[in-house]
Amino acid sequence: MNRIATIVAAMVMLVGCNSLKSEFGAQSVTSPDGRVVLSFELNSEGEALYAVTFAGEEIIAPSHLGIETSRGEFDEDMRIVDIKTSTFNETWEPVWGQYAKIENHYNEMVVALQNENGECVDVTFRLFNDGAALRYTLRGEGVCDILNEETEFRMARDCFAHWMAGSDDDAEFNYMHTPLSGINTQSMHKSAGRVQDILECGVATLVAMKTPAGNYIALHEAALWSYPGMALDFDAEELCFTTELSGDSEVKSRVELPFSTPWRTIIVGDRVGTLVESSMVLNLNEPCALEDTSWIKPMKYVGVWWEMHLKESIWDMDGKYPHCATTANVKQYIDFAAENGFDGVLVEGWNEGWGWGERFDYTRPYPDFDIEELCRYAEERGVELIGHHETYANVDNYDAQMTNAYAYYETLGVNSVKTGYVGNINGRNHYDREMVDHYNRTVVEGAQHKLCIDIHEPIHSTGICRTYPNLMSAEGMRGQEWHAWNAGNCIDHNPTLPFTRNVAGPMDFTPGIFDLRYHNTINKAAATADGSVNADYDYTFFVNSTLAHQLAQYVVFYSPIQMVADLPKNYREHDDALQFIRDVPVDWADTRCLAGEIGDYVVTARKDKHSDNWYVGGITDGERRNISVSLNFLDANRIYEATIYRDGTRAGWNTHPTDYAIEHINVDSTTTLDLTMAPGGGFAISIKAI
Ligand code: NOJ
Ligand code: CA
């Protein structure tokens, strides 16, 4: 990876913690463009407070900073020992991403604080044009226990928020859309219908909101290593979020000093597109740790997968239902991938253990799955197998086998694995320090075996894929799979995701379902609580979107690996529409969010990293929308051929979801396209330079 770094150290030498200076007054630091301003002061009680404004609007009102450790508390009776400021500006090239080059430009202020026992902590603030970030660095040496962190985000006004409740086990909920003052995590739990397995954990991040002045804010964290995941406790009267570290034990994390916590991030902008386009979470992570990244390849993949969720076949080889991962069935998917230029075939249900109650064996294929023959067959056709490690949350079993399991795949030439953590982890929760270490171990150890990782039911993304770009993607939201089950997703879910979950990092939504209205006999039984089938009931299942909307997902949802999730037979019925999926890249030179409103609609344009072609996607919620899309991002004085995949005149998610039209026209940078998105609909456009 080429890094072109220019570092301008702007000020003051770091002064040691014990060489005290005279009083410091209120301090401030601004973003390079001056629009984001963070002020800091110590009040008369020695409490540290920060506040943030953006373009003149107060965003974060004075908010407390604090961390409690076995070395003492850093929340009051502190004094400032030193303040150091600097500027940093670099442009770096990610292995894959939304951009070919990413600018990392910020102004930094490090405030060295000392508590009454003489223990020291630094608070580092970084101000980017698209927001602010802060973290604590505990100084000294030896071991230290982190007991609590109390960083406040006191929202200056009652914003309109897009949020979901935090949970110790799960992130697969529909989003709520309410004023901040209306956040009630218990009511959300009830509406999600999952009250029984949700603990009171405040609000999950990434939480997005719109201010009364029309600015957009997203709160999250970056660079999560050796620390528990964060949720936000919320006081609706005070409009105040406070960090809540995951984990039930008193000691949240035992660390070696010096130690820096993850960054607390506040993305802010005057366009909703700032949330989509921001690279702040990535920029706050360390540069790539891998010397050789040539084995890390973005790709589109098919999978022996959706047919199991539709219950046409099953993961277990128990004889009751057809087993999915047979050598013969997988060969059909390999053939389909090869015919259409897709690079990978995910195979779930290939290994012993699915019937053994959580004790998977990661090096023993089922007898009807000839893994060596399939690797050979795939390679011959220019396709690779993608491995699968479901754990059913038996993390100890996976940890014990991980080294062997990864070495096994390496020997076979399997380059990618999808992992999974369905269910409750005994006596722990999914996001505590131990689990953060576990997820990170899969990535670091995966790299040692040249294995790319896609984590389902993961810890939320925090940008560590900058450091380990073999962490390709993760689930961490309610993906398309929910539409194979009776619950489905709310119609506003898809136009919420680009501004919430996807801001944190790539997401494996599993797009591209073409059979959008189906009747399934086994699913009928699953739809009733007691498993019986009510003959009078209409068991039609909808995927809450049109086919054009499904195509657009490849542009509006970002991931360097994208599934082509439906069954080959369903794609063969719409081969003309499949052309868009064959064409659309997964690695981008540029990304522009052209229009949108969180939860309503989104239109995004991206430029291919390896050609001059552009791709545009638009999706809407249940509302029909007319939208004008200016193509002024195209090179001037150049003609392109656009292929527009749009909703047909009768289209609608619950009327005619597969009604679409395909149109070819020549366009240039002066063209404006007028498009209609049907309810639950959208459009996808490929724009090829002639
Ligand atoms: C849940 C995952 O999200 C899904 O993709 C997978 O098929 C099942 N678990 C089984 O591992
Ligand atoms: Ca899942």
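Because the structure is predicted, anything quoted here is derived from the model rather than measured.

Engineer: Whenever I open this one, the overall build of the protein confuses me. Can you help?
Structural biologist: Within the protein, the regular secondary structure consists of 13 helices and 38 strands. For 690 residues, the compact-globule formula gives about 26 Å, and the C-alpha radius of gyration of the protein, at 25 Å, lands near that figure. With respect to the three principal axes, the spread of C-alpha positions in the protein is 75 × 60 × 50 Å. Relative to its full complement of 690 residues, the protein shows a buried share of 62%. Once local pairs closer than 6 in sequence are excluded, the contacts in the protein between residues at least 24 apart make up 72%. Accessible surface for the protein amounts to roughly 25200 Å². Of this, 46% is attributable to carbon and sulfur atoms. Here the protein holds 51 positive side-chain charges and 103 negative ones, and the gap between their average locations is 5 Å.

Engineer: Any chance you could explain the packing of helix H11 (residues 547-556) against helix H13 (residues 575-583) here in plain terms?
Structural biologist: The relative placement of two packed helices comes down to the angle between their axes together with the axis-to-axis distance. Interhelical geometry of H11 versus H13 gives an angle of 10 degrees and a closest axis separation of 10 Å. Considered as vectors, H11 and H13 are oriented roughly parallel to each other. Counted together, Leu547, Leu551, Tyr554 and Val555 of H11 and Ala577, Phe580 and Ile581 of H13 form the full contact between these two elements.

Engineer: In this structure, what is going on with the nonpolar core? I would like to understand it.
Structural biologist: Across soluble globular proteins, nonpolar side chains show a tendency to be buried alongside one another. Within the largest apolar cluster, 190 residues are counted, with the highest numbers of intra-cluster contacts made by Phe125 and Phe241. Among the elements that make up this core, the one with the highest residue count is helix H7 (residues 395-412) (8 residues). Not counting chain neighbours up to four residues away, the residues in contact with Phe125 comprise Val29, Leu38, Phe40, Tyr50, Leu65, Asn107, Glu108, Met109, Val111, Ala133 and Leu134. Core analysis: the second largest hydrophobic core is formed by 20 residues, Ala605, Trp614, Phe683 and Ile685 among them.

Engineer: Sorry, what's going on with the site of ligand 1 here?
Structural biologist: In the region of ligand 1, 13 residues are neighbours, and Glu348, Glu390, Lys418, His456 and Glu481 sit closest. One nitrogen or oxygen atom from the side chain of Glu348 is found 2.6 Å from an oxygen atom belonging to ligand 1. Contacts to ligand 1 include Glu390, whose side-chain N or O atom sits 2.6 Å from an oxygen atom. Under a 2 Å grid-point criterion requiring more than half of the atoms, the pocket assigned to ligand 1 is the largest pocket. Here the shell around ligand 1 is composed, by residue class, of 4 nonpolar, 3 polar and 6 charged.

Engineer: I'm lost on the packing of aromatic side chains in this one. Help?
Structural biologist: When we look at a pair of aromatic rings, we describe it by the centre distance and by the angle of the planes. Taken as a whole and assessed by the stated rule, the structure comprises 30 aromatic pairs. Aromatic pair Phe88 and Tyr106: ring centres 5.2 Å apart, planes at 25 degrees, arrangement stacked. A residue pair is termed long-range when its members are at least 10 positions apart, and Phe88 in strand S8 (residues 79-92) and Tyr106 in strand S9 (residues 102-114) qualify at 18 residues. Taking the relative accessible area as the measure of exposure, Phe88 reaches 14% and is therefore buried. The exposure class assigned to Tyr106 is buried, which follows from its relative accessible area of 6%. The interplanar angle of 80 degrees and the centroid separation of 5.1 Å between the aromatic rings of Tyr421 and Tyr439 together place this pair among those described as edge-to-face. In this pair, Tyr421 is assigned in the loop between strand S25 (416-420) and helix H8 (433-448) and Tyr439 in helix H8, connecting sequence segments 18 residues apart. Like Tyr439, Tyr421 is buried. Among the aromatic residues, those joined into a ring-pair cluster are Trp315, Trp354, Phe360, Tyr362, Tyr392, Tyr398 and Tyr406. The residue whose ring lies beneath Arg478 is Trp482, and the NZ or CZ to ring-centre distance is 3.8 Å.

Engineer: Looking at this structure, how should I read the coordination of the calcium ion (ligand 2)?
Structural biologist: Octahedral six-donor coordination of a metal ideally yields angles of 90 or 180 degrees, compared with 109.5 degrees for tetrahedral four-donor coordination. Ligation of the calcium ion (ligand 2) by protein atoms is provided by Glu172 (OE), Glu457 (OE), Glu475 (OE), Glu475 (OE) and Glu481 (OE), these donors lying 2.2 to 2.6 Å from the ion. One can describe the site at the calcium ion (ligand 2) as irregular: its 6 donor atoms subtend angles covering 52 to 163 degrees at the metal. Sequence spacing of the donors to the calcium ion (ligand 2): E-x284-E-x17-E-x5-E. Taken together, the residues Glu172 in the loop between strand S13 (160-163) and strand S14 (176-179) and Glu457 in the loop between strand S26 (452-455) and strand S27 (471-474) connect sequence positions 285 residues apart.

Engineer: Hey, could you run me through the sheet that holds strand S31 (residues 588-597) in this one?
Structural biologist: Neighbouring strands of a sheet are bound in pairs by backbone hydrogen bonds; such pairs are parallel or else antiparallel. If you walk across this open sheet you meet the 6 strands as S31-S32-S33-S38-S35-S36, and the pairing is antiparallel. Strand pairing shows two members of the sheet lacking a second neighbour, S31 and strand S36 (660-667), which therefore form its edges. Mean inter-strand twist for the sheet, computed between neighbouring axes without regard to direction, equals 15 degrees. The sheet contact formed by strand S35 (residues 640-647) and S36 spans 8 bridges and is antiparallel. Among the inter-strand pairings, Asp647 is bridged to a residue of S36, identified as Tyr660. Contacts from H11 reach S31, strand S32 (601-608), strand S33 (614-620), S35, S36 and strand S38 (682-689) within the one sheet, and its direction differs from that of S33 by about 125 degrees.

Calculation rules
Residues numbered from 1 in each chain as written. Chains lettered and ligands numbered in written order. Predicted model: local features only at pLDDT ≥ 70, side-chain atom pairs only at ≥ 80, totals over all residues. Heavy atoms only, no water. Helix = DSSP H or I, 4+ residues; strand = E, 2+ residues; numbered from the N terminus. Rg over C-alpha atoms; globule rule 2.2 N^0.38 Å. Buried < 20%, exposed > 50% of the residue type's maximum accessible area, 1.4 Å probe, protein only. Contact = heavy atoms within 4.5 Å. Areas by Shrake-Rupley, 256 points an atom, 1.4 Å probe, with all protein chains shown as cover. Lys, Arg positive; Asp, Glu negative; His and termini not counted. Charge placed at Lys NZ, Arg CZ, Asp CG, Glu CD. Axes fitted to C-alpha atoms, helices over the stretch in contact; angles between N-to-C directions. Parallel < 35°, antiparallel > 145°, perpendicular 65-115°, else oblique. Core = buried A, V, L, I, M, F, W, Y, C linked by side-chain atoms within 4.5 Å. Near = heavy atom within 4 Å. Polar contact = N/O pair within 3.5 Å; in protein donor to acceptor, adjacent residues only side chain to side chain. 1 Å grid on protein atoms, 1.4 Å probe; cavity = no way out; pocket = protein on both sides within 12 Å on 5 of 7 lines; lining within 4 Å. Sits in = over half its atoms within 2 Å of the grid points. Nonpolar A, V, L, I, M, F, W, Y, C, P; charged D, E, K, R; others polar. Phe/Tyr/Trp six-rings, centres within 6.5 Å; stacked < 30°, edge-to-face > 60°. Lys NZ or Arg CZ within 6 Å of the ring centre and 35° of its normal. Donors = N, O, S within 2.8 Å, 3.2 Å for Na, K, Ca; no water. Tetrahedral: all angles 85-135°; square planar, octahedral: opposite > 155°, others 65-115°. Pairing = 2+ DSSP bridges.

Remember, this is a structural readout, not a statement about activity or role.
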